[in-house]
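Each chain, letter by letter, is given below.
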Protein chains: 2
Amino acid sequence: MTSRRTGVQSFERGLALLRAFGAERTAMTTAEAASAAGLTRAAARRLLMTLQEQGYAQFDGKRYTLTPRVLELGFAWLSAQPLFGVGEPVAKQLAERLNETVSIGTLDIPDVVYLVRALSSRALHLRVGPGTRIPAHTSSMGLILLGSLEPAQLDAFFKQWPRRRYTDRTPVEEGEVRALIEAAGRDGYCYLRGVMEDSIAGLSVPVRDRAKGRAIAALNVSTSLQRTSPEEAFAKLLPEMRAAAQSIEAALR
Amino acid sequence: MTSRRTGVQSFERGLALLRAFGAERTAMTTAEAASAAGLTRAAARRLLMTLQEQGYAQFDGKRYTLTPRVLELGFAWLSAQPLFGVGEPVAKQLAERLNETVSIGTLDIPDVVYLVRALSSRALHLRVGPGTRIPAHTSSMGLILLGSLEPAQLDAFFKQWPRRRYTDRTPVEEGEVRALIEAAGRDGYCYLRGVMEDSIAGLSVPVRDRAKGRAIAALNVSTSLQRTSPEEAFAKLLPEMRAAAQSIEAALR
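Residues numbered from 1 in each chain as written. Chains lettered and ligands numbered in written order. Predicted model: local features only at pLDDT ≥ 70, side-chain atom pairs only at ≥ 80, totals over all residues. Heavy atoms only, no water.

> Looking at this structure, how should I read the relation of the copies chain A and chain B?
Turning one copy of the chain about an axis and sliding it along that axis gives the other copy, so a rotation and a shift relate them. Expressed as a screw operation, the relation of chain A to chain B combines 0.0 Å of axial shift with a rotation of 180°, fitting to an RMSD of 0.0 Å. Seen this way, the second copy is the image of the first under a two-fold rotation axis. Closest approach to the rotation axis among the C-alpha atoms of chain A is made by F11 of chain A, whose C-alpha sits 2.2 Å away. Here 100% of the interface residues in chain A have copies in chain B that are interface residues too; the copies meet face to matching face. (Least-squares fit on C-alpha atoms with pLDDT ≥ 70 in both. Contact = heavy atoms within 4.5 Å.)

> What exactly am I supposed to notice about the domain arrangement of chain A here?
Accessible area lost upon the coming together of the parts serves often as the stated size of an interface. By the assigned domains, chain A splits into domain 1 (2-69) and domain 2 (81-252). Taken over C-alpha atoms, the centre of domain 1 of chain A sits 33 Å from the centre of domain 2 of chain A. (Domains from an automatic or database assignment.)

> I'm lost on unusual backbone geometry in this one. Help?
All names here are of chain A. A cis amide bond links I109 with the next residue in sequence, P110, at an omega value of 10°. With respect to the secondary-structure elements, P110 resides in the loop between β4 (101-108) and β5 (111-118). Positive phi outside glycine occurs at N99, with the angle close to 55°. Turning to its location among the elements, N99 is positioned in the loop between α6 (82-98) and β4. The class of N99 is partly exposed, set by a relative accessible area of 28%. (Helix = DSSP H or I, 4+ residues; strand = E, 2+ residues; numbered from the N terminus. Buried < 20%, exposed > 50% of the residue type's maximum accessible area, 1.4 Å probe, protein only.)

> How do you make sense of the interface of chain A and chain B when you look at a structure like this?
Opposite the 56 residues of chain A that make contact, chain B presents 56 residues. When chain A packs against chain B, the two sides together hide about 5300 Å² of surface, and 64% of this comes from carbon and sulfur. Connecting chain A to chain B are four salt bridges. For the salt bridge of E72 of chain B with R19 of chain A, the shortest nitrogen-to-oxygen distance reads 3.9 Å. Across the contact surface, chain A and chain B share seven residue pairs in polar contact (both at pLDDT 80 or more). At 10 residues, the largest contribution of residues to the side of chain A that touches chain B is made by helix α5 (residues 71-80) of chain A. Looking at the side of chain A that touches chain B residue by residue, the class counts come to 26 nonpolar, 18 polar and 12 charged. (Buried area = accessible area lost by both parts, 1.4 Å probe. Salt bridge = Lys/Arg side-chain N within 4 Å of Asp/Glu carboxyl O. Polar contact = N/O pair within 3.5 Å; in protein donor to acceptor, adjacent residues only side chain to side chain. Nonpolar A, V, L, I, M, F, W, Y, C, P; charged D, E, K, R; others polar.)

> Would you mind showing me how to read the side chain of S140 of chain A here?
Residue and element names in this part refer to chain A. For S140, the position within the fold is in helix α7 (residues 140-146). For S140, a relative accessible area of 4% gives the class buried. When residues no more than four places from it in sequence are discounted, the contact partners of S140 are C190, L192, G202, L203, S204 and N220.

> Which parts of the structure should I look at to understand the pairing of strand β9 (residues 215-224) of chain B?
In the case of a regular strand, side chains alternate between the two sheet surfaces. All names here are of chain B. Judged by how many residues are buried, β9 sits mostly within the fold: nine of 10 residues are covered. When strand β4 (residues 101-108) meets β9, the two strands line up antiparallel, connected through five bridges. By the bridge assignment, V102 is partnered in β9 with V221. With nine bridges connecting them, strand β8 (residues 200-208) and β9 associate as antiparallel partners. Across the sheet, V207 pairs through a bridge with A217, a residue of β9. (Pairing = 2+ DSSP bridges.)

> What is the right way to read the packing of aromatic side chains from this model?
How two aromatic rings sit relative to each other is set out by the distance from centre to centre and by the angle between their planes. Tallied over the entire structure, the rule returns 12 aromatic pairs over all chains. A centroid spacing of 5.5 Å and a plane angle of 85° characterise the contact between F158 of chain B and W161 of chain B, whose relative ring orientation is edge-to-face. In this pair, the class of F158 of chain B matches that of W161 of chain B, namely buried. Members of the aromatic cluster, joined through ring pairs, are F157, F158 and W161 of chain A. (Phe/Tyr/Trp six-rings, centres within 6.5 Å; stacked < 30°, edge-to-face > 60°.)

> Is there a simple way to think about a positive patch on the surface in this case?
All names here are of chain A. Side chains of R13, R41, R45 and R46 sit close together on the surface and give a patch of like positive charge. Considering each element in turn, the positive patch owes the most residues, three residues, to helix α4 (residues 41-53). With respect to the helices and strands, R41 occurs in helix α4. (Patch = residues over 30% accessible without salt bridge, like charges linked within 9 Å, V, L, I, M, F, W, Y side chains within 5 Å. Areas by Shrake-Rupley, 256 points an atom, 1.4 Å probe, with all protein chains shown as cover. Lys, Arg positive; Asp, Glu negative; His and termini not counted. Charge placed at Lys NZ, Arg CZ, Asp CG, Glu CD.)

> I would appreciate a short explanation of the pattern of salt bridges in the present structure.
A side chain of one charge can pair with a side chain of the opposite charge when the charged atoms of the two come close. One pass over the full model with this rule turns up 22 salt bridges over all chains. Of the charged contacts in the structure, one is a salt bridge between D108 of chain A and R69 of chain B, with a shortest N-O distance of 3.1 Å. With D108 of chain A in strand β4 and R69 of chain B in the loop between β3 (64-66) and α5 (71-80), this residue pair bridges two chains. Each of the two residues, D108 of chain A as well as R69 of chain B, counts as buried. The salt bridge partner of R133 of chain B is D108 of chain B, with a shortest N-O separation of 2.9 Å.

> Sorry, what's going on with the environment of F59 of chain B here?
Residue and element names in this part refer to chain B. Within the element layout of this structure, F59 appears in strand β2 (residues 57-59). F59 sits 11 residues away from L48 along the chain, and the two C-alpha atoms are 9.0 Å apart. The contact partners of F59, leaving out residues within four places of it in the chain, are Q52 and Y64.

Written as structure tokens, this is what we have:
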């Protein structure tokens with residue numbers, strides 16, 4: 001394995017341990033952490049003590065929990081992203097104008113990763129924030145971004161994509177997904193309904209690199225199907241979303 | 001050193017390398033990364049290759065940059081925090097009602113760490129987001145949280161606090177900071193103006209653990225001094241902020 005040759009195994013294991021702490025596992029004993037990260041107890045114990053010494057974990061005598069300090073590992077990256085600095089205020093203003101939730105996402109194959117999430121004041125929204133990942137083919141943002149890839153990169157996506165069905169509408173055939181990606185690339189927008197959650201629809205447009213014309217991010221409005229018909233979505237949302245994407249593109253130059 | 005005995009040195013070094021990528025250093029050669037993280041070039045190269053193999057870094061032939069995947073290291077923690085899930089929608093609603101920026105922060109001595117940041121539509125706000133850290137004694141949130149510590153924990157803070165002066169109003173004498181902390185604990189609110197930035201004032205109230213009565217977080221409204229006088233801040237903001245803090249406390253029970 002490449003990682004055995006060039007990598008540093010305890011660093012890999014430490015990263016696996018950090019990832020093992022999640023929404024379902026916020027506090028773990030050494031044994032639980034070892035099991036969740038696929039490590040021996042001895043290895044897990046050494047890594048947990050390292051996290052504690054560095055201020056990333058706390059130990060109450062029985063279980064380890066992470067501390068707010070772990071945010072520094074990813075947030076320095078996020079706050080340095082021009083897309084975040086430029087995109088966040090634009091998304092916020094658009095969310096207020098439309099009274100809908102606006103997101104900006106980027107591609108990390110096989111997923112879309114949310115960078116910006118501007119909530120509307122409506123109560124209904126999925127519990128996602130920056131860093132949340134969803135399989136790219138289940139998201140209108142993802143289809144837009146996949147539509148801007150070179151053929152070889154797209155083939156790489158299809159080698160990794162998770163064919164799990166989330167709802168009856170989730171596409172699980174490669175041909176079906178390729179047709180959706182092609183349409184998104186051709187149309188310059190993508191509208192999906194009920195793919196991740198039955199009652200939610202999403203409309204996305206690309207944010208393009210002005211030099212190369214590629215989609216470097218997607219701007220998304222998610223809305224409830226009870227509230228907004230597809231026709232309303234196109235007529236009302238699309239022009240505003242394209243203007244917002246253009247203002248981000250201009251500021252990124 | 002404790003860390004030599006129990007820790008895993010390459011994990012420590014890998015974490016230092018991740019932290020070295022920041023707002024000022026988004027792309028680094030191996031030599032730059034080694035220098036920034038205090039490592040030898042050989043050690044930095046192995047760790048950077050590990051990050052690349054694990055999908056956390058990209059290499060363009062010359063420089064390494066991090067990928068959106070690094071967000072998973074801190075965001076799983078953030079999204080699992082009850083304070084985040086409960087606090088974010090409350091902060092958002094308050095920001096809309098007041099048309100001011102609302103934040104929720106927690107203590108990680110010697111700093112306050114932002115967990116939630118709900119922007120108002122006004123253009124003026126500091127560029128901070130979740131994970132941003134500021135020295136606790138320079139923030140009304142920090143003084144509220146320090147005011148809820150046991151004496152021994154407070155002494156531990158004073159062993160580590162950075163005595164840097166940010167503006168003419170930044171307190172740099174221990175006695176002065178202790179008096180501010182005591183007042184915040186006694187009054188149940190803290191109002192600071194011009195401590196981090198000349199034109200910004202902040203008002204904070206505690207969010208308390210109902211069982212123990214301790215401040216586990218602080219809710220903050222930051223506002224421009226040109227816009228809102230201290231008298232207006234107290235009359236208009238404080239009752240709304242206390243109601244918001246109570247609704248968070250009730251939901252956390």
